[in-house]
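# Structural overview for review
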Amino acid sequence: MRFLSGIQPSGNITLGNYLGAIKNFVALQNEEKFDDILVFIADLHAITIPQDKQELRKNIRSLAAIYLASGLDPKKCHIFIQSEVPFHTELSWILECNTYIGEVQRMTQFKDKSKKEETHGVSTGLLTYPILMASDILLYDTNLVPVGKDQKQHLELARDIAMRFNQKYGDTFVIPEPFISPKSAKIMSLTDPEKKMSKSDENPKSYISLLDDINIAKKKIKSAVTDSDTKVKYDIENKAGISNLLTIASSLSGDTIEKIEKDFENKNYQEFKEYVANLVGDLLADIQEKYNKIINSKELDEILDEGRNYATYLASKKINKIKNKVGLGRKL
Ligand code: AQP
């Protein structure tokens, strides 16, 4: 059984990316049912919106080091850079020719991101992004894809594309299942708790970057937008900010939300925020210590080389089968 997932190096990796995705990768890598694990750096996805060349390079390496610093074990999983395996884009073209325009146009993320990009111009890549994501997944006969809730719609599209392809050309793709941890499925912005925490948000106070200075990160939590009430209570409708901090606290401490609510029954928001800030500070301190050891190491390159070689081996076999099914080129 194989699981695969990836993150875009489109900015500083956030606490949302960690709790919604990376933490789950780390937990799943220890489950016996998985005999193969692929985690990649989705740099081709990142260029769907304009990126500074130097920043992108830096973010690619940085994300690889964050994976390791967060606990991904290169003995258990293969870590690679998406653009170093050319078969992702090759399959993407084949799948584009088997996907309807309406299917990608109705994706919520496309609608949201294209609104933001209107002033620069919206790239075609932003529209076809979910098809490249389907290729990432289907190329490796992936069984399970751990993602945050925001990616559920894209995963459903990947399943639809796979089922349609299988029907048209005969059994080719494994139909992937999403894995969404209910606890931390969606971490919200600290400045606008109605909005998702995103690494590309223009306001750095809205997110915690895993590489933030620890005191700055704690300050961000302490100044997170809450409400004028005083009760530490999970109520997503009326207390979105406090509910978000409770979700973060519960995911980081391992305690249930109910227990944390009880612990803070007779305490004020300031005391609660102090507690959450310390939990976040401890996480960042741990990740940053490991990150600093690995970021400039030769070992990091060796891990990425191994990942690229392994992914290339799997993907090259699969792409030949797919091309044969479609009737492309000469029979291999
Ligand atoms: N706020 C979040 N809460 C929980 N999970 C989240 N994820 C992202 N934000 C949150 C999960 O992180 C993984 C990587 O996401 P991605 O980089 O591929 O794309 P994204 O979902 O668009 O993430 P961002 O941070 O919002 O990036 P930008 O700002 O570049 O668009 C996914 O599994 C995602 O669900």
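Here's a quick rundown of the structure. Here the structure is a predicted model, which means the values were calculated and not measured. (Residues numbered from 1 in each chain as written. Predicted model: local features only at pLDDT ≥ 70, side-chain atom pairs only at ≥ 80, totals over all residues. Heavy atoms only, no water.)

### Quick word on the overall build of the chain
Across its full length, the chain holds 13 helices and five strands. For 332 residues, the compact-globule formula gives about 20 Å, and the C-alpha radius of gyration of the chain, at 21 Å, lands near that figure. Sequence-distant contacts, at least 24 apart, represent 75% of the contacts inside the chain between residues at least 6 apart. Summing over all exposed atoms, the chain offers an accessible surface of approximately 16000 Å²; the carbon and sulfur share of this is 50%. Counting 47 positive and 47 negative side-chain charges, the chain places the averaged centre of each group 3 Å from the other. (Helix = DSSP H or I, 4+ residues; strand = E, 2+ residues; numbered from the N terminus. Rg over C-alpha atoms; globule rule 2.2 N^0.38 Å. Contact = heavy atoms within 4.5 Å. Areas by Shrake-Rupley, 256 points an atom, 1.4 Å probe, with all protein chains shown as cover. Lys, Arg positive; Asp, Glu negative; His and termini not counted. Charge placed at Lys NZ, Arg CZ, Asp CG, Glu CD.)

### What to know about the site of the ligand
Of all residues adjacent to the ligand, which total 22 residues, the nearest are Lys113, Asp150, Ser198, Lys199 and Ser200. Ser10 has a polar side-chain atom sitting 2.6 Å from an oxygen atom of the ligand. Lys199 places a polar side-chain atom, nitrogen or oxygen, 2.4 Å from an oxygen atom of the ligand. Look at the ligand: alone it shows 630 Å² of surface, and the protein chains cover 98% of it. Where the shell around the ligand is concerned, the elements lending two or more residues are helix H1 (15-28) and helix H6 (108-117). (Near = heavy atom within 4 Å. Polar contact = N/O pair within 3.5 Å; in protein donor to acceptor, adjacent residues only side chain to side chain.)

### What to know about the pairing of strand E2 (residues 36-41)
Among the six residues of E2, six are classified as buried, and the element is accordingly described as predominantly covered. Sheet analysis places strand E1 (residues 2-7) next to E2, joined by six bridges and oriented parallel. Note on E2: the bridge partner recorded for Arg2 is Asp36. Read as a crossover between parallel neighbours, the route from E1 over H1 to E2 is right-handed. As paired elements, E2 and strand E3 (residues 78-81) share four bridges and run parallel to each other. For Val39, the partnering residue across the bridge sits in E3 and is Ile79. (Buried < 20%, exposed > 50% of the residue type's maximum accessible area, 1.4 Å probe, protein only. Pairing = 2+ DSSP bridges. Right-handed = clockwise from strand over helix to strand, strands pointing away.)

### Some points on the packing of aromatic side chains
Each pair of aromatic rings is reported with the distance of its centres and the angle of its planes. Summed over the entire model, instances satisfying the criterion amount to nine aromatic pairs. Here Phe165 and Tyr169 contribute two aromatic rings whose centre-to-centre distance is 4.5 Å and whose plane-to-plane angle is 40 degrees, an arrangement assigned as tilted. Linking Phe165 with Tyr169, this pair stays in helix H8 (residues 152-169), spanning four residues, or about one helical turn. Ring centres 5.1 Å apart and planes at 45 degrees place the aromatic pair Phe264 and Tyr275 in the tilted group. Here the residue Phe264 occupies a position in the loop between helix H11 (257-263) and helix H12 (269-294), and Tyr275 occupies one in helix H12, the gap between them amounting to 11 residues. Phe264 gets classed as buried once you look at its relative accessible area, which sits at 8%. (Phe/Tyr/Trp six-rings, centres within 6.5 Å; stacked < 30°, edge-to-face > 60°.)

### Things to note about the side chain of Ser209
Summarising the element assignment, Ser209 is placed in the loop between strand E5 (177-179) and helix H9 (214-222). For Ser209, the contacting residues outside a window of four places in its chain are Asn12, Ile13, Thr14, Lys220 and Leu284.

### Regarding H12
Structural remark: α-helix, 3.6 residues per turn; residues separated by three or four positions point the same way. Spanning 26 residues, H12 covers 37 Å between terminal C-alpha atoms, matching the ideal 38 Å at 1.5 Å per step. Where H12 starts, the residue carrying a side-chain oxygen 3.2 Å from the main-chain nitrogen of Gln270 turns out to be Asn268. (Expected span 1.5 Å × (residues − 1).)

### Remarks on helix H3 (residues 53-69)
Taking 1.5 Å per residue, 17 residues should reach 24 Å; H3 reaches 24 Å between its end C-alpha atoms and fits that length. Of the residues flanking the end of H3, it is Gly71, one or two places downstream, whose phi is positive at about 120 degrees.

### A closer look at the pattern of salt bridges
Per the stated rule, a full pass over the model turns up 22 salt bridges. In this structure, Glu90 engages Lys323 in a salt bridge whose closest nitrogen and oxygen atoms are separated by 2.8 Å. Of the two residues, Glu90 sits in helix H4 (residues 87-96) while Lys323 sits in helix H13 (residues 298-326), which places them 233 residues apart along the sequence. The closest approach of N and O atoms between Lys239 and Asp227, which form a salt bridge, is 3.5 Å. With Lys239 in the loop between H9 and helix H10 (240-253) and Asp227 in the loop between H9 and H10, this pair connects stretches of sequence that are 12 residues apart. (Salt bridge = Lys/Arg side-chain N within 4 Å of Asp/Glu carboxyl O.)

### Regarding the nonpolar core
Judged by nonpolar contacts, the single largest core of 63 residues is most densely connected at Ile22, Phe25, Ile41, Tyr67, Ile79 and Phe272. Here the element with the most residues in this core is H12; it accounts for 11 residues. Core analysis: the second largest hydrophobic core is formed by 38 residues, Val104, Leu126, Ala162 and Phe173 among them. (Core = buried A, V, L, I, M, F, W, Y, C linked by side-chain atoms within 4.5 Å.)

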